[in-house]
Amino acid sequence: MSFTAPKPQVSKTLVSEGTHPARVIGFIHVGVVDDTYMGQPITTNKIRLTWEFPDETKVFKEGEDAKPLVHSQEYTFSMGKKSNLRPIVEGIIGTSLDEEEAYNFNFESLMGLPCLVSIKHGETKKGTPFAKVASTSKLMKGQVVKEAFNPLTFLTYENWNEAYFQSLPDFIKEKMMKSLEYKKMKGIVEEVENDLDF
């Protein structure tokens, strides 16, 4: 008789490792939330980007056609030179941005844009597999990406859609509900501090 540790179960199908054609289909401004960095509490402004991968498909419901996989990733909402978000945006649009362009970039312009996305796999400390976006780049010459299957969604506190918010997974809604922006919108706090250093 043996007694072994349970193997972590993957709750969803991961986009496979490698570089894939994709299309940006979603942007969510999560807001200013409490977080941790190297074990220390910090406050950061977060967003989520979502890509659709037309060549990575799965039959989600028996009797239906296969549908493209999607992948979302959270970033600190900063376009500084050393930020993680800026090179992702530059890869999607296929050009480098100077400081003025970076800080005036309109994120709604990303919606529907095709690009190449490099996916890497890893494991959490508990051994649960996950996928993450390692980099983005422009399409190769002559490459075509299928039109988006899923609707394009852009959610900010200035462009609020309650129905879409309610359709989000609980863990995203709960995080957004803790943000300064959500509390301000709901009248829980009077104002959002704009002098946070990200």
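Placed above this text is the structure.
Presented here is an overview of the structure given in this document. All values derive from a computational prediction rather than experimental measurement. Throughout, residues of each chain are indexed from 1 in the direction in which the sequence is written. pLDDT decides what is reported in this predicted model: residues at 70 or higher carry local features, side-chain atom pairs at 80 or more are listed and counted, and totals for whole chains, interfaces and linings draw on all residues regardless. Note: side-chain values were computed over all heavy atoms of the structure, leaving out hydrogens and water.

Comment: elements are numbered from the N terminus, with helices defined as DSSP H or I runs of at least four residues and strands as E runs of at least two. Within the protein chain one finds 5 helices and 6 strands. Along the chain direction, N to C, the helices and strands of the protein chain fall in the order β-β-β-α-α-β-β-β-α-α-α. Expressed as a percentage of the 198 residues in the protein chain, the buried residues total 37%. Per-residue accessibility takes into account occlusion by the displayed protein chains alone, with areas from the Shrake-Rupley method and a 1.4 Å probe. Total accessible area on the protein chain stands at roughly 12800 Å², and carbon and sulfur atoms take up 51% of it. The buried label applies to any residue whose accessible area, calculated with a 1.4 Å probe on protein chains only, is under 20% of its type's maximum; exposed applies above 50%, and partly exposed to all values in between.

Glancing now at the side chain of His 29. Mapped onto the elements, His 29 comes out in strand 1 (residues 18-37). The class of His 29 is buried, set by a relative accessible area of 9%. Whenever a nitrogen or oxygen atom comes within 3.5 Å of another N or O atom, the pair is scored as a polar contact, on the condition that within protein one atom can donate a hydrogen and the other can accept it, and that pairs from neighbouring residues in sequence are kept only if both atoms are in side chains. Among the polar contacts listed, one links the side chain of His 29 to the side chain of Asn 45, at a separation of 2.8 Å. Beyond its immediate chain neighbours, meaning those up to four positions away, His 29 contacts Asn 45, Lys 46, Ile 47, Phe 77, Leu 155, Thr 156, Tyr 157, Met 176 and Glu 181. By definition in these notes, contact holds between two residues if any of their heavy atoms fall within 4.5 Å.

Attention now goes to the pairing of strand 2 (residues 40-58). When DSSP finds at least two bridges between two strands, those strands are taken to pair. In this structure, strand 1 lies alongside strand 2, joined through 13 bridges in antiparallel fashion. In the sheet register, Gly 31 faces strand 2, and the bridge partner there is Lys 46. Where strand 1 folds back on strand 2, the antiparallel hairpin that results is connected by 2 residues, among which Met 38 adopts a positive phi of roughly 55°. Of the pairings in the sheet, the one linking strand 2 to strand 3 (residues 67-76) comprises 10 bridges and is antiparallel in character. Bridge pairing in strand 3 links Phe 53 to Leu 69.

Let's shift gears to the pattern of salt bridges. Take a side-chain nitrogen of Lys or Arg and a carboxyl oxygen of Asp or Glu: if they are within 4 Å of each other, that pair is a salt bridge. Tallied over the entire structure, the rule returns 5 salt bridges. Across the pair Glu 90 and Arg 86 runs a salt bridge, and its minimum N-O distance is 3.4 Å. In this pair, Glu 90 and Arg 86 are both assigned in helix 1 (residues 85-93), 4 residues apart and thus about one turn of the helix distant. You'll find Glu 90 and Arg 86 in the same group, each marked buried. Between Glu 99 and Arg 86 there is a salt bridge, with the nearest N and O atoms lying 2.5 Å from each other. A residue pair is termed long-range when its members are at least 10 positions apart, and Glu 99 in helix 2 (residues 99-103) and Arg 86 in helix 1 qualify at 13 residues. Note on Glu 99: relative accessible area 33%, which makes it partly exposed. Relative accessible area serves as the criterion here: at 7%, Arg 86 is assigned to the buried category. A single network of salt bridges, built from pairs that share partners, joins Arg 86, Glu 90 and Glu 99.

Structurally, Ser 179 is set in the loop between helix 4 (170-177) and helix 5 (180-185). Considered as a pair, Ser 179 and Asn 45 are 134 residues apart in the sequence and their alpha carbons are 8.8 Å apart. Not counting the four nearest positions on each side in its chain, Ser 179 is found in contact with Val 30, Gly 31, Val 32, Val 33 and Tyr 157. From its side chain, Ser 179 meets the backbone oxygen of Val 30 in a polar contact 3.5 Å long.

The next subject is helix 1. Burial within helix 1 is extensive, with 7 of its 9 residues counted as buried. Taken residue by residue, helix 1 has Leu 85, Arg 86, Ile 88, Val 89, Glu 90, Gly 91 and Ile 92 as its buried positions. For helix 1, the secondary structure elements touched by its buried residues are strand 1, strand 2, strand 3, helix 2, strand 4 (114-123) and strand 5 (129-137).

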